[in-house]
Amino acid sequence: MADGRDIGDTRLAVIAGLVMIAIYAAQFVAARFSLREHLTATDMAGLRFAGAGAVFLPIVWRRGLATMKALGWRRGLTLAALAGLPYPLIINWGLTHAPAAHAAALCPASIVFFSFLLSLFRESASRRRIIGVVTIIAGLLLFIAPARTGASDVLFGDLLFIGSGAMFSTYAVLVQRWRVDPVTATASVVLLSCLPLPLLYVFAPSGLHAAAGAEIASQIFIQGLLAGAAAMFLYTYIVDRLGSQAASLFLPGVPVATVMVGMVVLGETPLAIQCVAIAIMAAGMGYSAMGRRSTRENLAVSTSAGS
């Protein structure tokens, strides 16, 4: 019976991962589109959490504040600092300097890389996982190589994307270590991130007055309801079911999907060397995922033999 539940949880996690890939691809492309037009990085972050807050406030009201209080202010603020308002601000800031395909490639690869580094504090790394991460690093370096020799503006955006990956992987590890359920973690991050929004609206530069109502509404839906609420819940759900390292291994599909959508919507085509780098990073992530699956299968076999 337990095995059946495990298989069911794994299937649900896979479905959650595929939906998450589609949401993140839409997020990067939509953000890049509006950032090139009217909206600022703070506008995008504000719309993200305004939309997500509208989703989670009724949930928290219905469930009560007991679960959030149990999490504690210190832990809640830590999670919000890592995956809350600063996180999309950094990504959107990067998108003002670099194309959407850069964000879609570097953010997921960085999450896998930093998830691997953080996992070393809890467990030893297999040879296959080390090879996979080294492959990812090679792809990262190859991807940003044209920016290093060209526009420093793009390189700065790439470094911001890598930094955001470090933040989100730390968030995932803490959620797993503190055993925070997905709804509590996501609701805490979203609602705490809504608190500074009035200050952002008053003091930060904004282009909301120049944007059409349809553009603002679409960004509230994509950045807020989908990326800020649904995708974050899905990722936290995968972490809860499979662990932070396994959750990060669903991300290779994000750059591929974003590149395809970005070419159609934005007219942004990566260089040939960057397409190769994306393939290398995806191979590294996939190789690591195969290694984790083999480890779990061997553990299941040994457990069965022992019983």
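The structure this text deals with has already been given above.
Structure report, in brief. Given the structure is predicted, the values throughout are model-derived calculations rather than measurements.

About the criteria used
Residues numbered from 1 in each chain as written. Predicted model: local features only at pLDDT ≥ 70, side-chain atom pairs only at ≥ 80, totals over all residues. Heavy atoms only, no water. Helix = DSSP H or I, 4+ residues; strand = E, 2+ residues; numbered from the N terminus. Buried < 20%, exposed > 50% of the residue type's maximum accessible area, 1.4 Å probe, protein only. Contact = heavy atoms within 4.5 Å. Areas by Shrake-Rupley, 256 points an atom, 1.4 Å probe, with all protein chains shown as cover. Axes fitted to C-alpha atoms, helices over the stretch in contact; angles between N-to-C directions. Parallel < 35°, antiparallel > 145°, perpendicular 65-115°, else oblique. Left-handed = near helix turned anticlockwise from the far one by under 90°. Nonpolar A, V, L, I, M, F, W, Y, C, P; charged D, E, K, R; others polar. Phe/Tyr/Trp six-rings, centres within 6.5 Å; stacked < 30°, edge-to-face > 60°. Lys NZ or Arg CZ within 6 Å of the ring centre and 35° of its normal. Salt bridge = Lys/Arg side-chain N within 4 Å of Asp/Glu carboxyl O. Arc of directions from axis to C-beta.

This paragraph deals with the overall build of the protein. On a plain count of helices and strands, the protein comes out with 14 helices and 0 strands. Burial statistics for the protein: of 307 residues in total, 50% are counted as buried. Here the contacts in the protein between residues at least 6 apart in sequence split such that 89% fall between residues at least 24 apart. Total accessible area on the protein stands at roughly 14,100 Å², and carbon and sulfur atoms take up 69% of it.

Bringing the environment of leucine 242 into the picture now. Within the secondary structure, leucine 242 sits in helix 11 (residues 213-242). Here the alpha-carbon distance between leucine 242 and threonine 10, two residues 232 residues apart in the chain, equals 7.5 Å.

Packing of helix 2 (residues 41-63) against helix 9 (residues 182-194) leaves a shortest axis separation of 9 Å and a crossing angle of 125°. Judged by the inter-axis angle, helix 2 sits oblique to helix 9. In this structure, helix 2 crosses over helix 9, and the sense of that crossing is left-handed. Only Val183, Thr184, Thr186, Ala187, Val189, Val190, Leu191, Ser193 and Cys194 of helix 9 make contact with helix 2, whose side of the interface consists of Phe49, Ala52, Gly53, Phe56, Leu57, Ile59, Val60 and Arg63. Tallied by class, residues from the contact of helix 2 with helix 9 come to 12 nonpolar, 4 polar and 1 charged.

Even without a glycine there, the phi angle at arginine 179 is positive, about 55°. Tracing the backbone shows arginine 179 in the loop between helix 8 (152-178) and helix 9.

Applying the stated criterion to the full structure yields 6 aromatic pairs. Considering the side-chain rings of tryptophan 93 and phenylalanine 156, the 5.1 Å spacing of their centres and the 75° angle between planes classify their relative orientation as edge-to-face. Of this pair, tryptophan 93 sits in helix 5 (residues 86-95) while phenylalanine 156 sits in helix 8, placing them 63 residues apart in sequence. You can call phenylalanine 156 partly exposed: its relative accessible area is 33%. Taken together, the ring pairs connect Tyr87, Phe168, Tyr171 and Tyr235 into an aromatic cluster. If you follow arginine 48 out to its NZ or CZ, it ends over the ring of phenylalanine 49, 5.7 Å from the centre.

Next up on the list: the pattern of salt bridges. By the definition in use, this model includes 1 salt bridge. The closest approach of N and O atoms between aspartate 240 and arginine 241, which form a salt bridge, is 2.4 Å. Of the residues examined, aspartate 240 reaches a relative accessible area of 39% and is grouped as partly exposed. Overall, arginine 241 belongs to the partly exposed group, its relative accessible area being 36%.

Our focus in this paragraph is helix 5. Buried within helix 5 we find Tyr87, Pro88, Ile91, Asn92, Gly94 and Leu95. For helix 5, the angular spread of the buried residues around the axis is 155°, confining them to a single face.

At a minimum axis distance of 8 Å, the contact between helix 6 (residues 100-119) and helix 13 (residues 253-265) shows a crossing angle of 175°. Classified by the interaxial angle, the pair formed by helix 6 and helix 13 is roughly antiparallel. Residues Ala100, Ala101, Ala104, Ala105 and Pro108 of helix 6 form the contact with helix 13, whose participating residues are Val254, Pro255, Thr258 and Val259.

Here alanine 246 lies in helix 12 (residues 244-248). Using a relative accessible area of 8% as the deciding quantity, one classes alanine 246 as buried. As a C-alpha pair, alanine 246 and valine 112 span 134 residues in sequence and 9.0 Å in three-dimensional space.

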